[in-house]
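Here's the letter readout for the chains.
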Amino acid sequence: MSLKEKLAEFGFESNESFDHVVQCFLESPNKAIRCLNIDGDTGRHKTAFAYALAHALGHSHVLYYEFGIDEPAQPQLIRVVEGEEVEAEAPVSPLDKLLNEACALSEAEKTVLILDQLQLADFKQHLRLLDFSKSSVWRYGDVSCYANRDNLTIYMVSDGGLSPVLQQISFRLWLPVKDKPIDHLQAEELGLSESCNAWLPQLVTLMQKLDVSPTMSEYAALAYDVERFVCTEQQLRESIMGRVKSVDYGRLNSESLKEAVSLFMKCYEDSLDIQESIEISGEINS
């Protein structure tokens with residue numbers, strides 16, 4: 001399977017190819033822990049990509065931490081003698097626990113640590129990550145955890161870009177929120193009969209009018225509906241809404257799209273008439 005196919009298998013489907021950028025990231029000399037900066041427009045698609053990429057590359061362990069959702073660790077009180085209380089040692093934070101686990105797992109197996117929403121992290125945490133990447137040692141309290149830099153990889157996700165201290169240690173991958181459009185479709189690619197080539201170009205044009213870029217599987221599902229079930233303009237809109245995740249409902253039902261929808265339906269109906277004429281002609285000749 002290609003990287004694109006593996007990413008789709010783990011929930012991230014795209015028309016883009018990330019082969020080159022991932023190869024550059026993975027095969028560069030690693031004098032420090034490899035850190036991938038998954039940059040792009042704001043949204044959870046970056047998190048989805050990080051998760052899919054970690055699994056697509058076959059890592060044994062995928063660990064995830066999101067900044068901004070954990071309550072700060074509160075010191076606990078212990079009673080030493082009657083009437084006297086002192087603070088106990090503060091409990092280990094969730095981040096420190098996870099880094100400890102990541103270091104331990106990396107000793108023998110390929111491990112990915114996904115750090116999400118880094119824009120919500122204190123700057124001191126950015127400095128700790130900078131030191132960790134360079135030294136392979138994560139420190140908290142009196143504890144030092146050692147990572148195997150050949151096995152551990154860190155994926156960093158932030159809305160608004162990483163801080164300069166983290167940018168200097170990471171390889172940047174830009175993830176567009178909108179896919180590169182597919183300009184040409186063939187029925188064979190979608191598992192459809194050859195007669196569908198008569199209306200597939202008009203379907204691509206309609207998607208361009210909608211300002212969306214369906215993936216190949218979305219096109220295949222939509223074309224399947226069109227070939228078998230769609231009989232009216234409203235049914236076409238319902239199938240588009242159901243099959244193409246990035247479609248805006250208001251735009252799809254707007255006055256400005258009526259002509260494009262009508263043109264597609266006319267093209268589709270004309271293709272049915274031509275196909276029927278061919279079939280009837282074939283029966284007469286036989």
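See the structure printed just above.
Here is a short report on the structure shown in this document.

**Describing the side chain of Asp 39**
Right, on to step 1. You can see Asp 39 is positioned in strand β1 (residues 34-40).
Right, on to step 2. Side chain to side chain, Asp 39 and Arg 172 meet in a polar contact 2.9 Å long.
Right, on to step 3. When sequence neighbours within four positions are dropped, the list of residues in contact with Asp 39 reads Lys 46, Gly 161, Arg 172, Leu 173, Trp 174 and Leu 175.

**Topic: the pairing of strand β7 (residues 143-146)**
Right, on to step 1. Here strand β6 (residues 137-140) runs beside β7; their pairing, made up of four bridges, is antiparallel. Bridging from a neighbouring strand, Trp 138 pairs with Cys 145 of β7.
Right, on to step 2. In textbook terms, the turn of a hairpin is the stretch between consecutive antiparallel strands, and for β6 and β7 this stretch comprises two residues, one of which, Gly 141, has a positive phi near 55°.

**Remarks on the packing of helix α9 (residues 216-228) against helix α10 (residues 233-243)**
Right, on to step 1. For the pair α9 and α10, the least separation of the axes is 9 Å and the interaxial angle reads 155°. With respect to α10, the axis of α9 lies roughly antiparallel. The interaxial crossing formed by α9 with α10 has right-handed handedness. Here α9 contributes Glu 218, Ala 221, Leu 222, Asp 225 and Val 226 to the contact with α10, which in turn contributes Leu 236, Ser 239, Ile 240 and Arg 243.
Right, on to step 2. Counted by class, the contact of α9 with α10 contains five nonpolar, one polar and three charged residues.

**Description of the packing of aromatic side chains**
Right, on to step 1. Under the definition given, this model contains ten aromatic pairs.
Right, on to step 2. Ring geometry for Phe 25 against Phe 171: centres 6.1 Å apart, planes inclined by 45°, an arrangement best described as tilted. With Phe 25 in helix α2 (residues 19-27) and Phe 171 in strand β9 (residues 170-175), this pair connects stretches of sequence that are 146 residues apart.
Right, on to step 3. Judged by relative accessible area, Phe 25 falls into the buried class, the value being 4%.
Right, on to step 4. Taken together, the aromatic side chains of Phe 12, Phe 18 and Phe 49 make up a single cluster linked through ring pairs.

Cut-offs used in this document
- Residues numbered from 1 in each chain as written.
- Predicted model: local features only at pLDDT ≥ 70, side-chain atom pairs only at ≥ 80, totals over all residues.
- Heavy atoms only, no water.
- Helix = DSSP H or I, 4+ residues; strand = E, 2+ residues; numbered from the N terminus.
- Polar contact = N/O pair within 3.5 Å; in protein donor to acceptor, adjacent residues only side chain to side chain.
- Contact = heavy atoms within 4.5 Å.
- Pairing = 2+ DSSP bridges.
- Axes fitted to C-alpha atoms, helices over the stretch in contact; angles between N-to-C directions.
- Parallel < 35°, antiparallel > 145°, perpendicular 65-115°, else oblique.
- Left-handed = near helix turned anticlockwise from the far one by under 90°.
- Nonpolar A, V, L, I, M, F, W, Y, C, P; charged D, E, K, R; others polar.
- Phe/Tyr/Trp six-rings, centres within 6.5 Å; stacked < 30°, edge-to-face > 60°.
- Buried < 20%, exposed > 50% of the residue type's maximum accessible area, 1.4 Å probe, protein only.

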